Structures are given as structure tokens and as C-alpha cells.
Protein chains: 2
Amino acid sequence: MENEKHVSKAVISRLPRYYRTLRQLAVEGVGRISSKDLAAQMDLTASQIRQDLSCFGGFGQQGYGYSVDKLIVELERILGVAASQRAILLGVGNLGRALLRNFDFSFCGVRPVAAFDTDETVIGCDFRGIPVHALRELERLCELERPDIAVLCVPSDATRPIAERLVRAGIRGIWNFSNESLREDLIGVPVENVHFSDSLMKLCYRIKDTDPFEFGE
Amino acid sequence: MENEKHVSKAVISRLPRYYRTLRQLAVEGVGRISSKDLAAQMDLTASQIRQDLSCFGGFGQQGYGYSVDKLIVELERILGVAASQRAILLGVGNLGRALLRNFDFSFCGVRPVAAFDTDETVIGCDFRGIPVHALRELERLCELERPDIAVLCVPSDATRPIAERLVRAGIRGIWNFSNESLREDLIGVPVENVHFSDSLMKLCYRIKDTDPFEFGE
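Residues numbered from 1 in each chain as written. Chains lettered and ligands numbered in written order. Predicted model: local features only at pLDDT ≥ 70, side-chain atom pairs only at ≥ 80, totals over all residues. Heavy atoms only, no water.

What follows deals with the overall build of chain A. The secondary structure content of chain A amounts to 9 helices and 9 strands. Its C-alpha atoms give chain A principal-axis dimensions of about 60 × 60 × 35 Å. Taken over 217 residues, chain A has a buried fraction of 50%. In the structure as shown, chain A presents an accessible area of about 10500 Å², 47% of it carried by carbon and sulfur atoms. Averaging the locations of the 27 positively and 30 negatively charged side chains of chain A gives two centres separated by 5 Å. (Helix = DSSP H or I, 4+ residues; strand = E, 2+ residues; numbered from the N terminus. Buried < 20%, exposed > 50% of the residue type's maximum accessible area, 1.4 Å probe, protein only. Areas by Shrake-Rupley, 256 points an atom, 1.4 Å probe, with all protein chains shown as cover. Lys, Arg positive; Asp, Glu negative; His and termini not counted. Charge placed at Lys NZ, Arg CZ, Asp CG, Glu CD.)

What follows is the structure in C-alpha cells.
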């Protein structure tokens, strides 16, 4: 995979969608798929799909299409999904609980190992087997558990100081759900800031020219 | 704005990021910005920014750059943020509560007007002034409140039936947080499926080749 390092950000940002779509196809019992059919599923063009996947060596065969299982395995390798990253979660409020209770971390090859909060009423609880520790235990637990990723669900004003503390404790990547965006150049490790507003704005854009609500008039 | 209808999906998907970045610049007191500086902030190239914004008429001036406030107003118009869409939320579990309590709907020009659940212990509560109704009241309340957008935070098996019920009740767009993706061609209105896994996988990709956790060794 010589050229894997030169893959554009746009392609990388599409890979999780490929992975999701292919996993769904596997669940539906689809063994192989043409670039045309995959394109229709993903709302892309067949040539874009061939181009995207060729960035990683191109696993399709003329007249056969792509083997769904093989492509899944390749994407898992490329995405690092198979790497079994360990995660900790900070801030066990509503959003933190929703993630601990309902989010399928294993789909991404990630294993949550501990959660942290400052609220005494939640410290000592566990969610699907993940124990909630006092935040003051962070450094000790990081030494013990050696997590790779931190999931931030803390209030805005706590985001930056906790991020810096996490990086000092050896965290290699931050998945940030707080309302305060983190700048990678200031934090020093990869950050994915999750912005719910982006998808809501896209939805607003898409419905703005459709007919307004009409109900029995 | 003759050519606004021909704007590519890629450009549209970047617009919310432009909007977020510009709003942040306004908060920081920045009045105008060159495409070069905006590019540095957004991790894009200056020529891509000029190209993207020119799709909507191009508001920059040679040697002056872009007026942050003007661009915000234009983007609000384009995105439909200024349209004051009305939203209802279904499923007041941890994620639903997190959105009602902490998400800034007004940033996207959206106003939540009601929430729904089947759990008697939460019906009758309110979150930041948004009342929680019994799900059986959905049709009656839709007739009364005329919401545009439904925010789905319901369990997977309830997603499809509730989406169909919402569309029959006149909903024009669905913001779907459930684990079950909705296909627009089957639902008949624009859907934005929120996939937390996409950003986590991107993070895994980005850290997979960095040094593993080292702590005092």
C-alpha cells in the first residue's frame, strides 16, 4: 500500500460511510457488489467509487465487482478498526450516558474501559460494565488502563483544561462532543470535534424550498 | 442566485462549517477575512474557498477579502437558517434529554416546540420550556404546532414506523439519531442520519500510525 499515505482527506472522510454501507450489505447477505450498485446505495457515482477504492490498491474485479467481505476486511485494516483502541469517557451526563448505554463502540473496533465524572452521585455506578471513576483518579487510571482515545462529554469551560490533562496522561486522540471545539494545533493530538449542528443545518437547507406544512387545508 | 440550484453536494456539505467558522470569527470580533486566512482556519485551500463561495455569487472583494457579517447573513439565507423551522423531538431518553438541555437549536434557526415519549414518568415534564407529551398525542399536536422537522431519538425498532407516521402528519424533514438509518426514497422526505461512528472511525484512522501509549517507560 505504497500510496496509502497520499490519500486525500475527502477520500478518508468517505471511508467510514463505505464501511457502514458494506457492513449493512453483509448483514443483508450480499456477497459481492458492482461499483454501479454500490454507487446507487451511497448516492455517489460508480467512477468515484472506483477511484476512491483504487487509492488503496483497488480490490474490484472486472465483471465480478467487489467482494463485500474482502472489502470490509481491507477497510478495517485501513481505518484501523481492527486495532482495538481503548477508550475512556469523560462527563457522564445525559450525552455520556447515551453513548455508554447505546453506542456500539465495537463497530469501530473501540473498547471503552472507564468513565470519569466529578458528580459523587454517579461515581461508582457502571454502564454496561464500564465503571465511573472520580475525575481525580484520571492519571492513575490512565497509567493502569493505557487508553488510546478520550471521549469528551464535559461542559464547555472544562473542555480545554481536561483535553490538556488527557494529552499529558498519554491520550493519542480526542473524540470531542462538548460545545467547545478543540484546535489540534493547540492540543497536539488528533481531534474529531462532533458538530451536531452541521447535519441539522444541512437538513434545513434541504427543506427550505419544499412546501411548507399543510395539514387538512 | 441563478446558479444556486446547481451547487454540488460537496459544497453544500461544507456550508455549515463555513457558517460555524464565521460565527466564531464574529464572536472574536473579526470584521473581515481574506480567503487565505479563512482557508488556514478551515484547513482548506484559498482557491477552494473562493470557488465554493462563488457558487453563491461570490461576495469577496479583491484586496479586501470577505466581510464576516455579510457572509454570515448570506449563508443564513442560503442554508435556510433564517427560516425559523419548528422542530419536535421524539424519544426523551438520555440522548433526547441531552439535545433538549444542551443543544443550541437556535444556532441553526430551529425552534423546538414539543417532545414526545411513551414513558409515563417523563410525560408532563419539560426541558428548557419544551413540554413532553404522550406519543399518542402526536397527530393532534402536529396539527396544532405545525412542526417542520422531527428529531428522532427513539429505539431502532420504532424508527421506521414513527418516521412514516411523522410524514403522514406533515413533517418535512427528519434528523435521525436512532441506530436505524432511514432511506429517503422509502420515507419520502429529506433525512439526515447522524452516524457518530463516522467521526470515531476517522479518529481511529488518524491515530493508528501514531505512537502507542507510553507512560513513564
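After that view of the structure, there is still more to cover.
With that settled, consider the environment of Asp52 of chain B. Residues and elements named next belong to chain B. Note on placement: Asp52 falls in helix H3 (residues 46-54). The exposure class of Asp52 is buried, given its relative accessible area of 3%. Here the alpha-carbon distance between Asp52 and Ile12, two residues 40 residues apart in the chain, equals 8.9 Å. The contact partners of Asp52, leaving out residues within four places of it in the chain, are Val11, Arg14 and Tyr18. (Contact = heavy atoms within 4.5 Å.)

Further remarks concern the side chain of Glu192 of chain A. Tracing the chain through its elements places Glu192 of chain A in strand S9 (residues 191-193). Every residue in contact with Glu192 of chain A, bar those within four places of it in the chain, is listed here: Ile174, Trp175 and Asn176 of chain A together with Ser199, Lys202, Leu203 and Arg206 of chain B.

Another aspect to go through is the relation of the copies chain B and chain A. One copy of the chain maps onto the other through a rotation about an axis followed by a shift along the same axis. In screw terms, the move from chain B to chain A is a rotation of 180° and a rise of 0.0 Å along the axis, fitting with an RMSD of 0.0 Å. Classification of the inter-copy transformation places it as that of a two-fold axis. The rotation axis passes nearest to the C-alpha of Asn94 of chain B in chain B, at a distance of 2.3 Å. Looking at the interface residues of chain B, 99% of them are also at the interface in chain A, so both copies use one shared face. (Least-squares fit on C-alpha atoms with pLDDT ≥ 70 in both.)

Contacts between the two partners involve 70 residues from chain B, matched on the other side by 69 residues from chain A. The junction of chain B with chain A conceals about 6400 Å² of combined surface from both sides, 62% of it contributed by carbon and sulfur atoms. Across the chain B-chain A interface, the total number found is 8 salt bridges. Here Arg206 of chain A makes a salt bridge to Glu184 of chain B, at a shortest N to O gap of 2.8 Å. Seen at the junction of chain B and chain A, the total is 20 residue pairs in polar contact (both at pLDDT 80 or more). (Buried area = accessible area lost by both parts, 1.4 Å probe. Salt bridge = Lys/Arg side-chain N within 4 Å of Asp/Glu carboxyl O. Polar contact = N/O pair within 3.5 Å; in protein donor to acceptor, adjacent residues only side chain to side chain.)

Spatially, S5-S6-S4-S3-S7-S8-S9 (chain B) is the arrangement adopted by the 7 strands of the open sheet, whose pairing is mixed. Each end of this open sheet is capped by a strand with a single partner; those strands are strand S5 (126-127) and strand S9 (191-193) of chain B. By the bridge criterion, 3 bridges tie strand S8 (residues 173-176) of chain B to S9 of chain B in an arrangement that is parallel. Paired with Trp175 of chain B across the two strands is Glu192 of chain B, which belongs to S9 of chain B. Running at roughly 165° to S8 of chain B, helix H9 (residues 196-207) of chain A makes contact with strand S3 (85-90), strand S4 (110-117), strand S7 (149-152), S8 and S9 of chain B of the sheet. The sheet contacts of helix H6 (residues 138-145) of chain B involve S3, S4 and strand S6 (130-134) of chain B, and relative to S3 of chain B the element is tilted by about 165°. (Pairing = 2+ DSSP bridges. Axes fitted to C-alpha atoms, helices over the stretch in contact; angles between N-to-C directions.)

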